[in-house]
Amino acid sequence: MHRYSNLAWWMRRLPERRLAVAIYGPTSSGKTALSLDVCEAASERGLRPVVLNADSRQVYVGMDIGTSKIKSSQMRGFEHRLLDVAEPSSKLSLEAYAQMARDELASLAVAEDALPVLVGGTGVYVQSVLDGWDLTGTGTLRRSLERDFPRSDVEGAYQVLARLAPEVARRVHPNNYEAILNALVRRMAVQAGNEVATPFVFAVYGVDRGEAETDRRIEMTLDAQFRDGLLAEIAELDRRYRLVERARRPGRRHNVASQTHGYREFVRAAGSTGKAIAELDGADLATARAKALGHIWAYSRRQRSWFRKLGASRVDHRSAVKVIVPCLR
C-alpha cells in the first residue's frame, strides 16, 4: 500500500486531516483541463477548490506561452495560486517553493470548504508538498554543494549520493545535475528532521497518455505556442533580461528562461548566429524547433518516471473525473 494513493488507510490513521487532490503528469498530458473539470465537480458538491501550481517554470513572471501557463480567462472562475511568484532573473529555490506551498496549505486549512488541487509536472515540487518538506536553511547547504560539485563534476556529486543514499541514487539519472543536488540536499534535510505534517491528505492521480501520444501532443503544443506568439514572448524576455547577450558570455549566470526547454534553443540560435530573436529565419527556426522537441520529449520521459515515486493512481482522461470526484466527500 502506498502512503499517498491508499486514501482509506490514511484516513483511518489520520482522521483529523482533510482530503486534497494532486494531479501529476508529463507535459501536454492534459493536467490543466482535468484539474478544471475536477474543480467544477467539487464546486457542485459544495467545496471551494483552489488550484496550487506545481510546475517549476510557471512560477516565473513573463514565461507564459512557452510554459502553457493558464490564462485568467481559462480558469473558469477558480482561484489559482503559486503562479508568477518569481522573476526569471533568479532561480526560485526548492526551499522557497516548499515554504510557499506550506503557507498556502496552512491558509486553506482554516476554511472548512477549501479543497487544494495540486497540479503540475515537476515531480520534486509535488513530492515536497505531499511530504511536507521543510528545507529551511538548506539554501546555504545547496550553495556549498554547488561550489564543491560544479556542473562539470556531476559524476562526483552522483558518487557522493550513491554512498549516502544508494536507494535514492538508483532512481536518479547520473547526469541529472539538478536532481542529484536536490536529492543530496533532501537527504541531509531528512537527517536533520526537517519534515512537518501537512494539514491535508493528498490522493494522487497520474495522467498519462502513453509515450507516442504524449510526443504527438508535445509537438502540437509547441506548434500552437508558435502561433500564439512564443517568439515574441522570448524577444520580450530578451529585451528585459538580455538573454542573448548573456548566452554569448560563458561563465555568466544565466536567466531561467535561457535554461528552459522551448526557450533556450531559440536564445542559443540567436546567440550563435549573431541575430536578434526576431531576425531568426526559417532554417534557424526549424533547427531550434527540432532541438526543442527533442529536449522536451526527453524531459517528458523523465517526468513519466516519477509516477512510481509519487505513488500516483493512473487515471484515464475519459473516466478520471468519475474516479476522483466521488472520493472527495
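Residues numbered from 1 in each chain as written. Predicted model: local features only at pLDDT ≥ 70, side-chain atom pairs only at ≥ 80, totals over all residues. Heavy atoms only, no water.

Things to note about the environment of Ser258
Under the convention used in this document: By the criteria applied, helices consist of DSSP H or I runs no shorter than four residues and strands consist of E runs no shorter than two, each listed in order from the N terminus. When checking whether two residues touch, look at their non-hydrogen atoms; a contact exists if any pair is within 4.5 Å.
Locating Ser258 in the fold gives a position in the loop between helix 11 (243-247) and helix 12 (264-273). Between the C-alpha atom of Ser258 and that of Pro166, which follows or precedes it by 92 residues, the distance is 32 Å. Once residues lying within four places of it in the same chain are set aside, the contact partners of Ser258 are Leu243, Arg264 and Val267.

Considerations on the pairing of strand 2 (residues 48-53)
Inclusion rule: To sort residues, take the accessible area from a 1.4 Å probe on protein chains only and compare it with the maximum for the residue type: under 20% means buried, over 50% means exposed, and anything in between is partly exposed. Paired strands are those between which DSSP finds at least two bridges.
Counting buried residues in strand 2 gives 5 out of 6 residues, a clear majority hidden from the surface. The sheet contact formed by strand 2 and strand 4 (residues 114-120) spans 6 bridges and is parallel. For Arg48, the partnering residue across the bridge sits in strand 4 and is Ala114. As paired strands, strand 2 and strand 3 (residues 79-81) are joined by 3 bridges and run parallel to one another. The residue of strand 3 that forms the bridge with Val50 is Glu79.

A closer look at the packing of aromatic side chains
Note on aromatic pairs: each is described by the distance of the centres and the angle between the planes. Heads up, the rule is: Between the rings of Phe, Tyr and Trp (Trp by its six-membered ring), a pair exists once the centres lie within 6.5 Å; its type follows the angle of the planes, with under 30 degrees stacked, over 60 edge-to-face, and the other angles tilted.
All told, the structure shown has 3 aromatic pairs when counted by the stated rule. Pairing Tyr24 with Phe307 gives two aromatic rings, centres 5.6 Å apart and planes at 80 degrees, and the pair type is edge-to-face. Of this pair, Tyr24 sits in strand 1 (residues 18-24) while Phe307 sits in helix 14 (residues 306-310), and the two are 283 residues apart along the sequence. Residue Tyr24 is classed as buried on the basis of its relative accessible area, which comes to 0%. With relative accessibility at 2%, the residue Phe307 sits in the buried group.

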